[in-house]
Amino acid sequence: DNHLSTIDSNIFKNLVYLKTLDLSRNLIKKINYFYFNNLTSLNLANNCLNDFSVENQKFQNLLELDLSNNIFMHEFKVESNSKIKILNLNNNFN
């Protein structure tokens with residue numbers, strides 16, 4: 001509960017070995033371009049996201065993604081060659 005609304009991608013640029021990132025329970029509306037080579041778990045639950053893209057050049061090793069309790073309005077797509085094993089989209093698409 002930090003009440004973050006925007007995340008600048010530069011804030012993480014030196015964290016090349018980051019494996020888990022929990023930004024849940026904020027007011028984030030948009031995620032700017034991130035490049036996390038080693039990130040395996042990303043939690044963005046309980047934010048205000050209405051769009052999010054999973055591209056392998058951004059998240060090469062992402063295994064778990066929690067986007068529950070956001071405000072997505074359209075179909076969510078994950079590329080077929082994605083490594084994601086756990087994807088939580090509960091309570092979206094109102």
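Here, the structure is the one placed above.
Every chain's residues receive numbers from 1 upward, in the order its sequence appears when written. Under the rules for a predicted model, residues below a pLDDT of 70 receive no local features and side-chain atom pairs below 80 are neither given nor counted, while totals for whole chains, interfaces and linings still include all residues. Water and hydrogen atoms were dropped before computing side-chain values, which therefore reflect all heavy atoms in the structure.

Describe the overall build of the protein, with residues and values.
Under the DSSP-based scheme used, a helix requires at least four consecutive residues in state H or I and a strand at least two consecutive residues in state E, with every element numbered from the N terminus. If you tally the helices and strands in the protein, you get zero helices and six strands. The secondary structure elements of the protein, listed N-terminal to C-terminal, are β-β-β-β-β-β. A globule of 94 residues ought to have a C-alpha radius of gyration of about 12 Å, and the protein, at 12 Å, matches this closely. On the principal axes, the C-alpha backbone points of the protein span a range of 35 × 30 × 15 Å. Out of the 94 residues in the protein, the part that is buried amounts to 36%. The contact rule is simple, with two residues in contact once any of their heavy atoms fall within 4.5 Å. For the protein, restricting intrachain contacts to residue pairs at least 6 apart in sequence, the fraction spanning at least 24 positions comes to 22%. Positive charges come from Lys and Arg, negative ones from Asp and Glu, while His and the chain ends are left out of the count. By convention, the charge on Lys lies at NZ, on Arg at CZ, on Asp at CG and on Glu at CD. Within the protein, the 9 negative side-chain charges are centred at a point lying 4 Å from the centre of the 9 positive side-chain charges. Here the radius of gyration uses the C-alpha set of atoms, whereas the globule reference equals 2.2 Å times the residue count to the power 0.38. Only protein chains enter the accessibility calculation, which uses a 1.4 Å probe. A residue is then buried if its area is under 20% of the maximum for its type, exposed if over 50%, and partly exposed in between.

Now, about the sheet that holds strand E4 (residues 41-43): what can you tell me, with residues and values included?
Ordered in space as E2-E4-E5-E6, the four strands form an open sheet in which the pairing is parallel. Here the strands that pair on one side only, and so sit at the sheet edges, are strand E2 (20-22) and strand E6 (86-88). Within this sheet the neighbouring strands show an average axis-to-axis angle of 5°, counted without direction. Two strands pair under a simple rule: DSSP has to find at least two bridges between them. Here E2 pairs with E4 via three bridges, running parallel. Its bridge partner being in E4, Leu21 is matched across the sheet by Leu42. Only the stretch in contact is used when fitting a helix axis, every axis being a line fitted to C-alpha atoms; angles between N-to-C directions are given from 0 to 180 degrees.

Quick rundown of the side chain of Ser41? Include the residues and the values.
If you trace the backbone, Ser41 turns up in strand E4. With residues up to four places along the chain from it excluded, the contact list for Ser41 reads Lys19, Thr20, Leu21, Leu62 and Glu64.

Report on unusual backbone geometry, specifying residues and quantitative values.
Residue His3 is not a glycine yet carries a positive backbone phi of 60°. When you line up the elements, His3 lands in the segment before strand E1 (6-7). The exposed category is assigned to His3, whose relative accessible area is 60%. One non-glycine residue, Asn69, lies in the positive phi region at around 55°. Accessibility expressed as a relative area gives 30% for Asn69, which makes it partly exposed.

Requested: an account of the environment of Phe76, with residues and values cited.
By the element assignment, Phe76 lies in the loop between strand E5 (64-66) and E6. Note: C-alpha distance between Phe76 and Asp66 (10 residues apart in sequence) is 13 Å. In contact with Phe76, not counting residues within four places along its chain, are Phe52, Val54, Leu65, Leu67, Leu87, Leu89 and Phe93.

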